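Coordinates in review
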Amino acid sequence: MSRASYSQEINRQNKGCFLFLLDQSYSMEEPLGNSASRKCDQLVAAINGWLQNMAIRATGDQGIRDWLDVGVMGYRTDPAAQPIIEPALQGPLAGKTICSITEIGAHPARIETRTQYFPDEETGQMIPVPCETPVWVDAKAEGGTPMCHMLYFAHQILADWISRHPYSFPPIVVHITDGESQDGDPIPYADAVRSLATADGNVLLLNCHLSMTAAQPFMFPAGEEGLPDELAKVLFRMSSVLPGPFLRHASQEGLRMQPNARGMAFNADMVCLIQFLNMGTKAAPGLR
Amino acid sequence: MILSSFKPGFQTTMRFESRIFQLAKDPQAPTDFQDACQVDAAQGVATVADGVSSSLFAGVWASILTAAVVADPPDPADPNAFGRWLANRRAAWSQQIDASNLPWFQKVKLKQGAFSTLLWIRLNPSGSEYGMQCWAVGDCCLFHVRGERLLRSFPILNSAELDANPLALGSLDLNHDQYLRFATFDDGCSPGDTLVLCTDALAGWALKEYESGRTPAWDRLWSLSEDAWRAEIIEQRAAQQIRYDDTTLLLLRVCHPPTTSLASKTVPKPVPAVVIEPIVPTSPASSPKTVPKPVSAVVVEPIVPTSPASSPKAVPKPVPAVVVEPIVPPLPPPNPPAGLSDSDVRRWAESIASASEDLAEQVSDEMIKGMRKLKDSLFQKYRDNSAPKDPKKGE
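This section reports on the structure supplied with the text.

It is worth spelling out the packing of helix 3 (residues 147-164) of chain A against helix 4 (residues 187-195) of chain A at this point. All names here are of chain A. Put simply, helix 3 and helix 4 touch, their axes get as near as 9 Å, and they point 15° apart. With respect to their mutual orientation, helix 3 and helix 4 come out roughly parallel. The chirality of how helix 3 crosses helix 4 is left-handed. Each of Cys148, Leu151, Tyr152, His155 and Leu158 in helix 3 lies in contact with helix 4, whose residues at this interface are Tyr189, Ala190, Ala192 and Val193. Looking at side-chain class alone, the contact of helix 3 with helix 4 contains eight nonpolar, one polar and no charged residues.

Structure below.
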């Protein structure tokens, strides 16, 4: 009996893998659409929040269940325009390309006490509550956008991971950028990444473009028509067609998606970015 | 078919015989197991609970609940009494948790408490048979089987229902208890009947078997060793026939009531009035269309003021006989990530609001499903009542 693709439940026997590719080029200094904060700050806030939530979600009585590997890579160039592709996790995990969620939960770079606001149930007033907040990734913004180099490196990381987890739900790669590639045409590199596969399906490459202007966001388009510019079209061609479980999940979430919707967001603001990250997470079986 | 240990007409103080099978989601980590079950054959009580493994110390919570069902049976029909019962269990859970030395990720999660589903049955001798009362919150499941026939599946009627987040009992009072609903029924069972109590993974497998026109071989399972059963489940997991989840199967074989006269009572009565037809869909895929209609209406009781002080008036009126679907997600929405400005926090709140909308949508879907079932069951009842009785009325 042949199995449906993208159906392997993620658990300790069949770990999942998320790989984040973060654009750390200079333009990430600019503010994100609908916000006064820098794109790079918003991005790391979203990634740290995602890591925190995933660690909490995997938490059981005996600690964090080892059911997920996560890599966070950053890419930029140095003053001599040489690409810098490096793991973005800081602290005890610095230098590691892929870590288990167990390690990530146990070793944040630091734990900051920050103030979060919760509505008082009776008065509706927002009350400040100090919260211990772990931080793994810090903002960086310098140099250019060596996207091809990043994808090439991602291919190596993923090929290695797949060789060790041939039956797992395929890795999900979330690439977040604000501009176009400056080291060549990224499409062939993206094709190579997507061509990697486990027994359960091909690697899913999701691309999210952050916008400085508060332009209309395009979420999960199914065709190139209507996309605003060449960069959007390139990202579209780089992005995976979302498989069945994702479409079903999206419709449960109230998102309308065409049958050939791709894992892509353009002109994303913070809300879109978080929606985008959740999309990748929630549709994977067993990760809910 | 006949169990080696089950002798028709055999007199015993036991109301049923039982076998228990359990397997952790990760067989390599058997202690990371959040299901619990208890039986008391002399009292005729059996219970299963499924601690929600995404919550913390849920195994402890499930064990506390099942132990208490046997030692101090709750009465969900009396909301105040049940509120006190639950408050005592919650106190027991809190006493067992040492929160002083937890790492950050467990501290965060502990604030949400543990969650567990719960199902129990109670058999009381009634002549040559038993009255059987069953209560459930969440998606633990009971199958009442006579020979090859499935008489009842409770409270879940089809495998698709298991996709939703189940309603669950929380180990902390988070002001959600007003949403708790118990599904319940009061019926009978006969000596020789098989009662299958299980947690959701096994229930999903069994329901899919019935929906595909196959009949789970409960008798064969009865004769398996625990190791052989575990090996089978591991195989079924690999073949994606059963979910990777903690799995509990409790098989009960109903004995003769102690006062039963041997001569007249060895043959079980014919099928009782309430019968669930074997599930034989036209297509193997489980879709709402292929799912059998519930024949007996499931009575739903509202629960629960958690503090004894709550006045009975505060308890919502019982929802009419509708199968209850999960309404409260086991966990509140995640905290916003740190380091955000107020406006970002607001946007987070919006994204959480959108999650609530999703939940609302889920709830309304479930309500529609429930109403459909209600309608179907009322129609069925109407047919059952009217068809045979009409001629009599005419007489």
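Below, the discussion takes up the side chain of Asn48 of chain A. For Asn48 of chain A, the location among the structural elements is in helix 1 (residues 39-57). Within the structure, the side chain of Asn48 of chain A is placed 3.0 Å from the backbone oxygen of Val137 of chain A, a separation counted as a polar contact.

When a protein is soluble and globular, its nonpolar side chains tend to lie buried together. Residues and elements named next belong to chain A. The biggest cluster of nonpolar side chains holds 59 residues, and the ones touching the most others in it are Phe20, Ile101, Val137 and Ile176. Ranked by residue count, the leading element in this core is helix 1, at 11 residues. The residues contacting Ile176, other than those within four sequence positions of it, are Leu21, Leu22, Asp23, Leu43, Ile47, Cys208, Leu210, Leu273 and Leu277. Listed in part, the 31 residues of the second largest apolar core include Leu19, Leu21, Ala154 and Leu235.

Glancing now at the pattern of salt bridges. Residue and element names in this part refer to chain A. Under the criterion given, the structure shown has 34 salt bridges over all chains. A salt bridge links Lys15 to Asp66; the nearest nitrogen and oxygen atoms lie 2.8 Å apart. With a gap of 51 residues between them, Lys15 in the segment before strand 1 (16-23) and Asp66 in the loop between strand 3 (63-64) and strand 4 (68-77) connect regions that are remote in the sequence. Look at Lys15 and you get buried, because its relative accessible area is 11%. Classification of Asp66 as partly exposed rests on a relative accessible area of 31%. Among the salt bridges present, the one from Glu86 reaches Lys140, with a minimum N-O distance of 3.3 Å. On the criterion of sequence distance, the pair formed by Glu86 in strand 5 (residues 83-87) and Lys140 in the loop between strand 8 (126-135) and helix 3 is long-range, its members being 54 residues apart. Residue classification places Lys140 among the partly exposed positions, given a relative accessible area of 28%.

Moving on, we get to the interface of chain A and chain B. By a widely used convention, the size of an interface equals the accessible area lost when the partners come together. Chain A puts 48 residues into the contact, and the matching count from chain B is 39 residues. Roughly 3,600 Å² of surface becomes buried between chain A and chain B when both sides are summed, with 49% attributable to carbon and sulfur atoms. The interface formed by chain A and chain B contains five salt bridges. When the shortest N-O distance is used, the salt bridge between Asp32 of chain B and Arg65 of chain A registers 3.2 Å. Breaking the side of chain A that touches chain B down by element, the ones donating at least two residues are helix 1, strand 2 (59-60), strand 3, helix 2 (101-106), strand 7 (110-119), strand 8, helix 6 (244-252) and helix 7 (270-282) of chain A. No other element matches helix 1 of chain A, which puts eight residues into the side of chain A that touches chain B. Looking at the side of chain A that touches chain B residue by residue, the class counts come to 15 nonpolar, 22 polar and 11 charged.

For a regular strand, the rule is simple: side chains alternate between the two faces of the sheet. Residues and elements named next belong to chain A. Along strand 9 (residues 172-177), six of the six residues are buried, which leaves the element largely enclosed by surrounding structure. Residues Ile172, Val174 and Ile176 point to one face of strand 9 and Val173, His175 and Thr177 to the other, with burial holding for every one of them. In terms of strand pairing, strand 1 meets strand 9 through five bridges, oriented parallel. The partner of Phe20 across the bridge, within strand 9, is Val174. The sheet contact formed by strand 9 and strand 12 (residues 204-210) spans six bridges and is parallel. From the neighbouring strand, Ile176 faces strand 12, where its bridge partner is Cys208.

For the bond running from Phe154 of chain B to Pro155 of chain B, omega is -5°, close enough to zero to count as cis. Counting through the fold element by element, Pro155 of chain B comes out in the loop between strand 7 (149-154) and strand 8 (169-170).

All names here are of chain B. One pass over the structure, following the stated rule, counts 17 aromatic pairs over all chains. Considering the side-chain rings of Phe82 and Phe182, the 5.1 Å spacing of their centres and the 80° angle between planes classify their relative orientation as edge-to-face. Here Phe82 is found in helix 2 (residues 79-96), whereas its partner Phe182 is found in strand 9 (residues 181-189), with 100 residues between them in sequence. Here Phe182 falls in the buried class, since its relative accessible area comes to 0%. Through a chain of ring-to-ring contacts, three or more aromatic side chains come together here, namely Phe82, Trp85, Trp120, Trp135 and Phe182. A cation sits over an aromatic face here: Arg253 above Trp222, 5.4 Å from the ring centre.

What counts, and where the lines are drawn
- Starting from 1, residues in each chain are numbered consecutively following that chain's sequence as written.
- By the order in which they are written, chains take letters starting at A while ligands take numbers starting at 1.
- In view of the model being predicted, local features appear only for residues whose pLDDT reaches at least 70, and side-chain atom pairs are presented and counted only at 80 or more, with totals across whole chains, interfaces and linings using the full set of residues.
- Hydrogens are left out, water is left out, and the side-chain values use all remaining heavy atoms of the structure.
- Axis definition: a line fitted to C-alpha atoms, limited for helices to the stretch in contact. Angles are taken between N-to-C directions and run from 0 to 180 degrees.
- In this text, helices come from DSSP runs of H or I with a minimum length of four residues, and strands from runs of E with a minimum of two, each type numbered from the N-terminal end.
- For classification, angles of less than 35 degrees are called roughly parallel, those exceeding 145 degrees roughly antiparallel, those between 65 and 115 degrees roughly perpendicular, and all remaining angles oblique.
- Helix crossings are classified by the rotation of the near helix relative to the far one: an anticlockwise turn of less than a right angle makes the crossing left-handed, while a clockwise turn makes it right-handed.
- Any two residues whose heavy atoms approach within 4.5 Å are treated as being in contact.
- Nonpolar residues are Ala, Val, Leu, Ile, Met, Phe, Trp, Tyr, Cys and Pro. Charged residues are Asp, Glu, Lys and Arg, and all others, Gly as well, are polar.
- Pairing of N or O atoms within 3.5 Å defines a polar contact, subject to two protein rules: one partner must be a possible hydrogen donor and the other a possible acceptor, and residues neighboring in sequence count only if both atoms are side-chain atoms.
- The set of buried Ala, Val, Leu, Ile, Met, Phe, Trp, Tyr and Cys residues whose side-chain atoms join them within 4.5 Å is what this entry labels a nonpolar core.
- Throughout this description, buried means an accessible area under 20% of the type-specific maximum (1.4 Å probe, protein chains only), exposed means over 50%, and partly exposed covers the range between.
- One speaks of a salt bridge when a side-chain nitrogen belonging to Lys or Arg is within 4 Å of a carboxyl oxygen belonging to Asp or Glu.
- For any pair of parts, buried area is found by adding up, for both, the accessible area (1.4 Å probe) each one loses once the two are put together.
- Following DSSP output, two strands are said to pair if at least two bridges run between them.
- Ring pairs shown here join Phe, Tyr and Trp side chains whose ring centres sit within 6.5 Å, with only the six-membered ring taken for Trp; geometry is labelled stacked below 30 degrees between planes, edge-to-face above 60, and tilted in between.
- We call a charge positioned above a ring when the Lys NZ or Arg CZ atom is no farther than 6 Å from the ring centre and deviates by at most 35 degrees from the ring normal.

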